[in-house]
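Take a look at the letters that make up each chain.
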Amino acid sequence: MSDVLPWMKKRPAAEKAVDDYVRDGMTIGLGTGNAANMAIDRIAELVDEGYDLKFVATSLQTASYAQMHGLEISDIDQVDHIDVTIDGADEVDPDLNMIKGLGGALLREKIVASLTEKEIIVVDGFKVTDVLGKKVPLPVEVCRFAHSKTASALSSLGCEPLLRTNGDGEVFVSDGGNYIYDCRFKSISDPVTLESAIDVIPGVVECGLFIGMAYAVEAYYEESDSVKELTFKDRTAGLREYP
């Protein structure tokens, strides 16, 4: 796979996620980003083979990509369950806790993940790390109103929040119409406590810590040209429970 672009090398992991977890008749959540797009490529092949599937999307970008491949997107409020969601992540720790949101869709991704029976994550092996926050910032989606005040409150937690902008220098606006601050921590050794501290700040819409949401992680390791599956059975923490 030496001639393949780096971000495309995890395609075997995306295809494994689809082949192992997608079954005829399911409702499937479609993540956002290149890992999700590669899964969509494989899912479209299954639909062509006769699979009857329903889909919900985590972003307008994903909905557009799926529709280009002939997949019909359902209104999430019109589906009664989501069997499997396939998505990517920016970092994954040994307990399968994750940082997500560098693609700008963290709010809808977390809503869909929370409604999903099995959240399957596809990543490059280098994104599996011992402690979250060492390699990437933590995205936090905030209301536009008083967003700088929200950023000040975030900084009191020990990070350097940076307002996300597009390539043209304009402030990035999420599908929900919000801003995103990329918060650089030295590391995140206690993601559960940090998530709770962020979530109570007025003006915060959602943060990119996904705690206890992954059912399995399909990680592609370039050095061995292989895919390793990490599952919730390998973690010290249990699956997150919601009331």
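Predicted model, so just to flag it, every value in this text is computed and none were measured.

Caption draft 1: Fine view of the pattern of salt bridges. Applying the stated criterion across every chain yields a total of 15 salt bridges. Between Arg42 and Asp19 there is a salt bridge; the shortest N-O distance is 2.8 Å. With Arg42 in helix α2 (residues 34–48) and Asp19 in helix α1 (residues 11–21), this residue pair connects regions lying 23 residues apart in the sequence. For Arg42, a relative accessible area of 17% translates into the label buried. Owing to a relative accessible area of 37%, Asp19 belongs among the partly exposed residues under this scheme. A salt bridge links Glu206 to Lys110, with the nearest nitrogen and oxygen atoms 3.1 Å apart. Within this pair, whereas Glu206 is found in strand β10 (residues 204–207), its partner Lys110 is found in helix α4 (residues 106–114), the two being separated by 96 residues in sequence. On the accessibility criterion, Glu206 (16% relative accessible area) is buried. When its relative accessible area of 7% is taken as the criterion, Lys110 is described as buried. Connected through shared salt-bridge partners, Lys16, Asp20, Glu218 and Glu229 make up one network.

Caption draft 2: How the structure looks around unusual backbone geometry. Phi at Ala146 takes a positive value of approximately 55°, unusual for a residue other than glycine. Among the structural elements, Ala146 can be located in the loop between β7 (138–142) and α5 (147–155). When its relative accessible area of 34% is taken as the criterion, Ala146 is described as partly exposed. Located in the positive-phi region is Asp225, a residue other than glycine, with phi close to 50°. Locating Asp225 in the fold gives a position in the loop between β12 (214–221) and β13 (226–231).

Caption draft 3: Spatial organisation of the packing of α2 against helix α3 (residues 60–68). The N-to-C vectors of α2 and α3 enclose an angle of 25°; their axes lie 10 Å apart at closest approach. What the angle tells us is that α2 and α3 run roughly parallel. Crossing angle aside, the handedness with which α2 passes α3 is right-handed. Together, Asn37, Ile40 and Asp41 of α2 and Thr62, Tyr65 and Ala66 of α3 make up the contact between the two elements. For the contact of α2 with α3, the per-class residue count stands at 3 nonpolar, 2 polar and 1 charged.

What counts as what
Residues numbered from 1 in each chain as written. Predicted model: local features only at pLDDT ≥ 70, side-chain atom pairs only at ≥ 80, totals over all residues. Heavy atoms only, no water. Salt bridge = Lys/Arg side-chain N within 4 Å of Asp/Glu carboxyl O. Helix = DSSP H or I, 4+ residues; strand = E, 2+ residues; numbered from the N terminus. Buried < 20%, exposed > 50% of the residue type's maximum accessible area, 1.4 Å probe, protein only. Axes fitted to C-alpha atoms, helices over the stretch in contact; angles between N-to-C directions. Parallel < 35°, antiparallel > 145°, perpendicular 65-115°, else oblique. Left-handed = near helix turned anticlockwise from the far one by under 90°. Contact = heavy atoms within 4.5 Å. Nonpolar A, V, L, I, M, F, W, Y, C, P; charged D, E, K, R; others polar.

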